[in-house]
Amino acid sequence: MADTWTAREAIAAVVDRADFAELADAAGPERSSGADGPIGWPGYGQSLARAGERTGERESVVCGTGSIGGTRAVVVSFEFGFLGGSLGERTGERLEAAYTAARERRLPLVSLIATGGSRMQEGMRALAQLQRVARQSALLRASGVPQVAVLRDPATGGGWATLGAGADVILALPGAQVGFAGSRVRPPDADPAAYTAEGQLAAGQIDAVVRREDLREALARWLGHLGAPPWEGRPEPPGPLGAHPAAEPPARTGWEAVVRARSPRRPRADAYLAAYFDRVQEISGDRCGGTDPGMRCGFGLRQGRAVAYAAQCGTATLPAGFRTAARLVRLADRLGVPVLTLVDTPGAANDAEAERAGAGAAIAEMFGAMATARVPLTTLLIGEGGSGGALALAAPGNLWAAPDSYFSVIAPEAAAAILKRAPGQVPRTADLLRLRPHDLVELGIARGVVG
């Protein structure tokens, strides 16, 4: 459904009642380039005047500060009725002022985007504003202040490619038109579904589609999680759950450990996250065209403090899963939030599609994110630990193991095949790999078995 909100209606829909203070207009006086703008576009001055009369605004964005669910934020809202919400020089000046205010006051920036892109009537002077916005976004990101974007209809062109796609968390209204190419410049045979909020969600480009009536609450939850005080020090690993309590004797053989970890009755990531956190907010997608339902990533609140998490759900991890987890770790690192990872995978997906999607590069990206993170990291092995696809999520020096888990350089079946052993030798091969939880402790790989 097309977005019919004006800029101020969008602000009123998300900001706490009567709590919006507009920033001083940073656009300044009209430039001396003439009434028709920097490139002398015939009639541009008249178009600006008509847009102002029709909308009551002096530019295509309204910027100010307000509280959303009790969290103070800098809010940027586009007025699509003002020349299609296009970005010109004065728009760039207002956006720069908003980003600067967010950075100096250390307030999250929330952008409510409805734009068709750069303003043609200002030519390259308008297009250059994208560099200006991108620089301000990068400065805000480097300062550790979060950015949340809401994609209204439409969110296309440079507005999507800077304020929208450059945000840490991206929400969209149902049916919103989202894409770099606007409807009038796409190939005639282009699939229209690819340019919708729902299509971009499926492609891993946004985090969630949110109904209008739920938007204020969704933003309040996100700002509450991103702005919560971080957990102090390393997060403690979750305790053991389910059918194999700590009181049960350790697995007598390697194969017994494998059977326990593969049991359908063994608790999975969902159970651990529910027991560990009071509530969570999840990100979605790798921003490279993919999603992985077997990887859960987000921010959770535990005793009022924030911990980020990336959790494998027992399936072979896709390249999109590794890239999503790496994105989560890098975001948490910028915000100073410690990270908990839950390892549970038979290994990285190794089919032809995974290779075409860049499995090796995605795993390398995950290893790099964990290796360079400055925040504390904790990992609990909750089930299968299959080779490098599992190790990529493991915190160096702070890995713990659940009683019903195993970690191996390679799956026992694969090891037997590589060594040209008969299938009947798989259990014996599992023993030789020393993959049981207490083996991992003795080898110095794990710090301990929880419980």
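Source: prediction; values computed, not measured.

Caption draft 1: Quick look at the overall build of the chain. Along the backbone of the chain there are 17 helices and 16 strands. By principal-axis analysis of the C-alpha atoms, the chain measures approximately 85 × 45 × 35 Å. In the chain, which comprises 451 residues, the share counted as buried stands at 53%. For the chain, long-range pairs separated by at least 24 residues make up 74% of all intrachain contacts whose partners lie at least 6 apart in sequence.

Caption draft 2: Main features of helix H9 (residues 254-261). Within H9, 6 of the 8 residues are buried, which leaves it mostly tucked inside the rest of the structure. Every buried residue belonging to H9 is among Gly254, Glu256, Ala257, Val258, Arg260 and Ala261, and all of these are buried. Where the residues of H9 are buried, they touch strand S13 (377-386), strand S15 (406-408), helix H15 (412-418) and helix H16 (426-432).

Caption draft 3: Representation of the pattern of salt bridges within the structure. The final tally for this structure, using the stated rule, is 30 salt bridges. Put simply, glutamate 384 and arginine 262 hold a salt bridge, and the shortest N to O gap is 3.0 Å. Of this pair, glutamate 384 sits in strand S13 while arginine 262 sits in the loop between H9 and helix H10 (269-276), and the two are 122 residues apart along the sequence. Taking the relative accessible area as the measure of exposure, arginine 262 reaches 31% and is therefore partly exposed. In this structure, arginine 330 and glutamate 365 form a salt bridge, with 3.0 Å as the shortest nitrogen-oxygen distance. Highlighted residues: arginine 330 in helix H11 (residues 319-335) and glutamate 365 in helix H13 (residues 359-372), separated in sequence by 35 residues.

Caption draft 4: Fine view of the packing of aromatic side chains. This model, assessed by the stated rule, comprises 2 aromatic pairs. On the numbers, 5.0 Å between centres and 85° between planes, the contact of tyrosine 276 with phenylalanine 277 is edge-to-face. A relative accessible area of 5% places tyrosine 276 in the buried class. Aromatic side chains phenylalanine 277 and tyrosine 309 sit 5.4 Å apart centroid to centroid with 40° between the ring planes, which places their arrangement in the tilted category. Residue phenylalanine 277 is located in the loop between H10 and strand S9 (279-283), and its partner tyrosine 309 is located in strand S11 (residues 305-312); the two are separated by 32 residues in the primary sequence. Three or more aromatic residues joined by ring pairs make a cluster, and in this case those are Tyr276, Phe277 and Tyr309. Above the face of the tryptophan 5 ring, arginine 212 is positioned so that its terminal group lies 4.4 Å from the ring centre. Looking at arginine 302, its charged tip hangs above the ring of tyrosine 276, at a distance of 3.9 Å from the centre.

Caption draft 5: Geometry of the packing of helix H3 (residues 89-105) against helix H5 (residues 129-142). Direction vectors running N to C along H3 and H5 enclose 5°, while the axes themselves pass 9 Å from each other. Taken together, H3 and H5 sit at an angle that is classed as roughly parallel. Every residue of H5 that contacts H3 at Glu89, Gly92, Glu93, Leu95, Glu96, Tyr99, Thr100, Ala102 and Arg103 is listed here: Gln129, Arg132, Val133, Gln136, Ser137, Leu139 and Leu140. A breakdown of the residues in the contact of H3 with H5 according to their chemical character gives 6 nonpolar, 5 polar and 5 charged.

Caption draft 6: Local environment of unusual backbone geometry. Cis geometry marks the peptide bond from aspartate 153 to proline 154; its omega dihedral reads 0°. The topology assignment puts proline 154 in strand S5 (residues 147-156). Residues other than glycine seldom take positive phi values, yet arginine 106 does so here, at roughly 55°. Mapped onto the secondary structure, arginine 106 falls in the loop between H3 and strand S4 (109-115). With relative accessibility at 48%, the residue arginine 106 sits in the partly exposed group. In this model, serine 387 sits at a positive phi of 60°, which is unusual for a non-glycine residue. Taking the relative accessible area as the measure of exposure, serine 387 reaches 32% and is therefore partly exposed.

Caption draft 7: The layout of surface pockets, seen in detail. Counted as a void, the largest pocket has a volume near 640 Å³. Looking at the largest pocket, it is lined by 20 residues, and the ones nearest its centre are Gly84, Gly116, Gly117, Met120 and Arg184. Tallying contributions element by element places helix H4 (residues 123-127) first for the lining of the largest pocket, with 3 residues. For the lining of the largest pocket, the class distribution of residues is 7 nonpolar, 11 polar and 2 charged.

Caption draft 8: Just the pairing of strand S10 (residues 295-302), in detail. By the criterion of burial, S10 is predominantly enclosed, with 8 of the 8 residues buried. Residues Met295, Cys297, Phe299 and Leu301 of S10 are buried on one face, and the alternating residues Arg296, Gly298, Gly300 and Arg302, pointing to the opposite face, are buried as well. Bridge count for S9 against S10 is 5 bridges, and the pairing is antiparallel. Across the sheet, residue isoleucine 283 finds its bridge partner in S10, namely cysteine 297. Bridge count between S10 and S11: 8 bridges; the pairing is antiparallel. Paired with cysteine 297 across the two strands is alanine 310, which belongs to S11. Between S10 and the antiparallel strand that follows it, S11, lie 2 residues; glutamine 303 among them carries a positive phi value of about 55°.

Thresholds applied
- Residues numbered from 1 in each chain as written.
- Predicted model: local features only at pLDDT ≥ 70, side-chain atom pairs only at ≥ 80, totals over all residues.
- Heavy atoms only, no water.
- Helix = DSSP H or I, 4+ residues; strand = E, 2+ residues; numbered from the N terminus.
- Buried < 20%, exposed > 50% of the residue type's maximum accessible area, 1.4 Å probe, protein only.
- Contact = heavy atoms within 4.5 Å.
- Salt bridge = Lys/Arg side-chain N within 4 Å of Asp/Glu carboxyl O.
- Phe/Tyr/Trp six-rings, centres within 6.5 Å; stacked < 30°, edge-to-face > 60°.
- Lys NZ or Arg CZ within 6 Å of the ring centre and 35° of its normal.
- Axes fitted to C-alpha atoms, helices over the stretch in contact; angles between N-to-C directions.
- Parallel < 35°, antiparallel > 145°, perpendicular 65-115°, else oblique.
- Nonpolar A, V, L, I, M, F, W, Y, C, P; charged D, E, K, R; others polar.
- 1 Å grid on protein atoms, 1.4 Å probe; cavity = no way out; pocket = protein on both sides within 12 Å on 5 of 7 lines; lining within 4 Å.
- Points joined across faces, edges and corners; volume = space filled by probe spheres on them.
- Pairing = 2+ DSSP bridges.

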